[in-house]
Amino acid sequence: MTFNVAGSRILITGAAMGMGRLYAERAVAEGAETVILWDINKEALAETTKALRVRADNRQEIVPMLVDIGERTAIEKASANVIANHGGVDVIINNAGVVRGTYFWEHENERDTEFIMKINALAPMFITHEFLTGMMEGKRPSRIVNIASAAGTLSNPKMSVYASSKWALIGWSDSVRLELKQQHIDNVKVTTVCPSYIATGMFEGVKGPLMTPIMQPDYVVNKVWKAMLAGKPMLMLPWTVHLSKVLKGILPQRWFDAIADNIFGVYNTMDKFTGRK
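Residues numbered from 1 in each chain as written. Predicted model: local features only at pLDDT ≥ 70, side-chain atom pairs only at ≥ 80, totals over all residues. Heavy atoms only, no water.

Draft legend 1. Looking closely at the sheet that holds strand S2 (residues 34-39). Within the open sheet, the seven strands sit side by side as S3-S2-S1-S4-S5-S6-S7. Their pairing is parallel. Looking at which strands have only one partner, the edges of the open sheet turn out to be strand S3 (61-66) and strand S7 (234-237). Across this sheet, the average inter-strand angle for adjacent strands is 15°, counted without regard to direction. In the packing of helix H2 (residues 42-55) onto the sheet, contacts are made with S2 and S3, and the angle to S3 comes to roughly 180°. Strands in contact with helix H3 (residues 72-86) are strand S1 (9-13), S2 and S3; relative to S2, the strand with the most contacts, it is inclined by about 165°. (Pairing = 2+ DSSP bridges. Helix = DSSP H or I, 4+ residues; strand = E, 2+ residues; numbered from the N terminus. Axes fitted to C-alpha atoms, helices over the stretch in contact; angles between N-to-C directions. Contact = heavy atoms within 4.5 Å.)

Set out below in C-alpha cells:
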C-alpha cells in the first residue's frame, strides 16, 4: 500500500533533540498534518517546537507534549490525549533511547538497568499498544518505526543491559510485523531499524569497528525515512551489521569472538565511551 507522509499524523518520541528532531523536521518538510513531539526535556522541547513552527505552514500543527515514557501511566494518559484531540496517529517513530556504557556489575538496578529497559524496550511496546488498534481499524496506510540498534544483534562488553533492551525490541518489533501479516492487516507496516554508532553525542567517545564508520545523523534519517515509506521490514546500517549477523550464525562462538575482537575490534568499541554530557 502506497504511503505518503503528506496529511498524516506523526508521533515521535525523544523528539526534542538529535535524531528525533531530525525526524520531526522531515515530517514537517513532507507535509505531515500533525507532528506530535514527545520528550521529557522541557527546554529543548520548547526550542524544537518553536523552530518547527517557523518551518511549518498554517495547515500544519506542531504538538509538543512533555511525557515521561519511562512511566506506563504517563504514556497511557498522553496517548488518550492524542486520541481525543487528534483521532489517533498514522505513524509512530519509537526513537527515544538511553544507554549506560559500563560493566554490568557497575549498573544500579533501579537507576540503570530498570531505567534502560523501561525506555528502550517497554515504552515502545506500551506506546504502540495504545495506538495500534486504532491504526488497524482506521484502515489508513500506517507505519510503526522502532529504532533498535546493531547492539541488539551482537553481544558487546559495557553494553550488556543496553544490548539486551535492543535485543528485546527487535524480537518484539518483528514479531508484531509477522502478526499483522498473518492476520492480513495490510495497512500497517512495521520497520525495525538496527544502526551501528551514529554521531549524535549519545555514544560520544566510542570507536567504530573495522569497516564500520560512525554514521552521520542526516544519512541515517534519510535511510530510515525511505525504509518507513516503503514499509521495509528490517533496516540494518551499515552493511557490516549484516556481515556480523551472518558470521555469527555460521561460525563457532570462539571463532566469531576471535574475529570480532581481534580483527574487527568490536569488543573494544566502548573502551573510551563518555556519552552525552
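Draft legend 2. Examining the layout of surface pockets more closely. When its volume is computed, the second largest pocket comes out at roughly 160 Å³. Among the elements of the structure, helix H5 (160-182) and strand S6 (188-195) are those that each provide at least two residues to the lining of the second largest pocket. Its residues placed into classes, the lining of the second largest pocket shows five nonpolar, one polar and four charged. (1 Å grid on protein atoms, 1.4 Å probe; cavity = no way out; pocket = protein on both sides within 12 Å on 5 of 7 lines; lining within 4 Å. Points joined across faces, edges and corners; volume = space filled by probe spheres on them. Nonpolar A, V, L, I, M, F, W, Y, C, P; charged D, E, K, R; others polar.)

Draft legend 3. Spatial organisation of the packing of helix H1 (residues 18-29) against H2. Running from amino to carboxyl end, H1 crosses H2 at an angle of 20°, the nearest separation of the two axes being 10 Å. In terms of their interaxial angle, H1 and H2 are classed as roughly parallel. Viewed along their axes, H1 and H2 form a crossing whose handedness is right-handed. Contacts between H1 and H2 involve Arg 21, Ala 24, Glu 25 and Val 28 from the first element and Glu 47, Thr 48, Ala 51, Leu 52 and Arg 55 from the second. Broken down by class, the residue content of the contact of H1 with H2 amounts to four nonpolar, one polar and four charged. (Parallel < 35°, antiparallel > 145°, perpendicular 65-115°, else oblique. Left-handed = near helix turned anticlockwise from the far one by under 90°.)

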